[in-house]
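For reference, the chains in residue letters:
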Amino acid sequence: MLLNKILPLIAIVLIPFLFALLMPFFFSQNVLIGPVQPVSIIAMGLLPFLEGILVIATSSVERVRKPAYKFFMPWVAILLFFIISFILQLEDCACWTIGLPIFLLLSSAGGAVAGYFKLKKIDRPGAKREDV
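This write-up is about the structure you can find in this document. Bear in mind that the values here come from a model prediction, so they are computed numbers and not experimental data. Within any chain, residue numbers begin from 1 and follow the written order of that chain's sequence. In view of the model being predicted, local features appear only for residues whose pLDDT reaches at least 70, and side-chain atom pairs are presented and counted only at 80 or more, with totals across whole chains, interfaces and linings using the full set of residues. Heavy atoms throughout the structure, all of them, feed into the side-chain values; hydrogens and water do not.

### Some points on the environment of Gly-99
- In DSSP terms, a helix is any run of H or I states spanning at least four residues, a strand is any run of E spanning at least two, and both are numbered starting from the N terminus. Mapping Gly-99 onto the fold places it in helix α5 (residues 93-123).
- Sequence-wise, Gly-99 and Met-44 are 55 residues apart; in three dimensions their C-alpha atoms are separated by 7.5 Å.

If you want it as structure tokens, here you go:
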């Protein structure tokens, strides 16, 4: 019984964490070449926003209906990414100290956007439970 409750929570955090861990490696292989380094754009803007979207997209509708869940649950994946990258020395402590508030706010914004669209889809007239 406890395992049935823990496994979805692990998946909710693990999927965005793996996404966050793999994206900088993908962009460091010069897949996108241009005047601005794509890693910095992805790391400071898009990555935490998408991580927030992934957390809420993999969550149940019952959890997404809670405003605090949409705001704070994306922080779990961001903090896990912070801890692992700090342990593996992917980033310096000063970088994370400066960037963490930005990451947290952008992940919450991603969670809010994903929650809005997820609830809009389920709350529309004639929507079925299987649509989500």
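### Focus on the packing of helix α4 (residues 67-87) against α5
- Comment: axis = line fitted to C-alpha atoms, over the contacting stretch for helices; angle = value between 0 and 180 degrees taken between N-to-C directions. As a packed pair, α4 and α5 sit with axes 8 Å apart at the nearest point and diverge in direction by 145°. Remark: the crossing between α4 and α5 carries right-handed chirality. Each of Lys-70, Phe-71, Pro-74, Trp-75, Ile-78, Leu-79, Phe-81, Phe-82, Ser-85 and Phe-86 in α4 lies in contact with α5, whose residues at this interface are Cys-93, Trp-96, Leu-100, Phe-103, Leu-104, Ser-107, Ser-108, Gly-111, Ala-112, Gly-115 and Leu-119.
- Only Asp, Glu, Lys and Arg are considered charged, only Ala, Val, Leu, Ile, Met, Phe, Trp, Tyr, Cys and Pro nonpolar, and every remaining residue, Gly among them, polar. Class assignment of the residues belonging to the contact of α4 with α5 gives a composition of 15 nonpolar, five polar and one charged. Left-handed describes a crossing whose near helix is turned anticlockwise from the far helix through less than a right angle; right-handed describes the clockwise counterpart. In this analysis, two residues are considered to be in contact whenever any of their non-hydrogen atoms come within 4.5 Å of each other.

### Looking at the nonpolar core
- By nonpolar core is meant a set of buried Ala, Val, Leu, Ile, Met, Phe, Trp, Tyr and Cys residues that side-chain atoms within 4.5 Å join together. Type-normalised accessible area, obtained with a 1.4 Å probe on protein chains alone, sets the label of each residue: buried when under 20%, exposed when over 50%, and partly exposed for intermediate values. One finds Ile-12, Val-13, Val-55, Ile-56, Val-61, Val-64, Tyr-69, Met-73, Ala-77, Ala-114, Leu-119 and Ile-122 forming the largest nonpolar core, which totals twelve residues.
- Elements supplying a minimum of two residues to this core: α1 (2-27), α2 (38-57), α3 (61-64), α4 and α5.
- Not counting chain neighbours up to four residues away, the residues in contact with Val-64 comprise Ile-56, Ser-59, Tyr-69, Lys-70, Gly-115, Lys-118 and Leu-119.

### So, α5
- Between the first and last residue of a helix there are one fewer steps than residues, each counted as 1.5 Å, and that sum is the expected span. Taking 1.5 Å per residue as the helical rise, α5 with its 31 residues ought to reach 45 Å, and the 43 Å between its terminal C-alpha atoms agrees with that figure.
- Along α5, the sharpest change in direction is near 45° and occurs at Gly-99; proline Pro-101 comes one to four residues later. Two axes enter the definition of the bend at a residue: one is fitted to the seven residues ending there, the other to the seven starting there, and the bend is the angle between them.

### A look at α4
- Here α4 contains 21 residues, and its C-alpha end-to-end distance of 32 Å stays within 8% of the 30 Å for a straight helix at 1.5 Å per residue.
- Listing the buried residues of α4 in full gives Tyr-69, Lys-70, Met-73, Pro-74, Ala-77, Ile-78, Phe-81 and Ser-85. The arc enclosing the buried residues of α4, seen along the axis, measures out at 160°, which places them on a common side. Structural note: α4 exposes Pro-67 and Ile-87 on the side pointing more than 90 degrees away from its buried face.
- Looking one or two residues past α4, Gln-89 carries a phi angle of roughly 55°, positive in sign. This arc is taken over the directions from the axis of the helix to the C-beta atoms.

### Structural notes on the packing of aromatic side chains
- Aromatic pairing here means that ring centres of Phe, Tyr or Trp (its six-membered ring) are within 6.5 Å. Orientation follows from the plane angle: under 30 degrees is stacked, over 60 is edge-to-face, and everything else is tilted. A full pass over the atoms with the stated rule returns five aromatic pairs.
- Both rings, one in Phe-72 and one in Trp-75, keep their centres 5.0 Å apart while their planes meet at 85°; by these two values the pair is edge-to-face. Of this pair, Phe-72 and Trp-75 both sit in helix α4, three residues apart, which is roughly one turn of the helix.
- Seen in terms of ring centroids, Tyr-116 and Phe-117 are 5.1 Å apart; in terms of plane orientation they differ by 80°. Their pairing is edge-to-face.
- Clustering of aromatic rings is evident, with ring pairs tying together Phe-71, Phe-72 and Trp-75.

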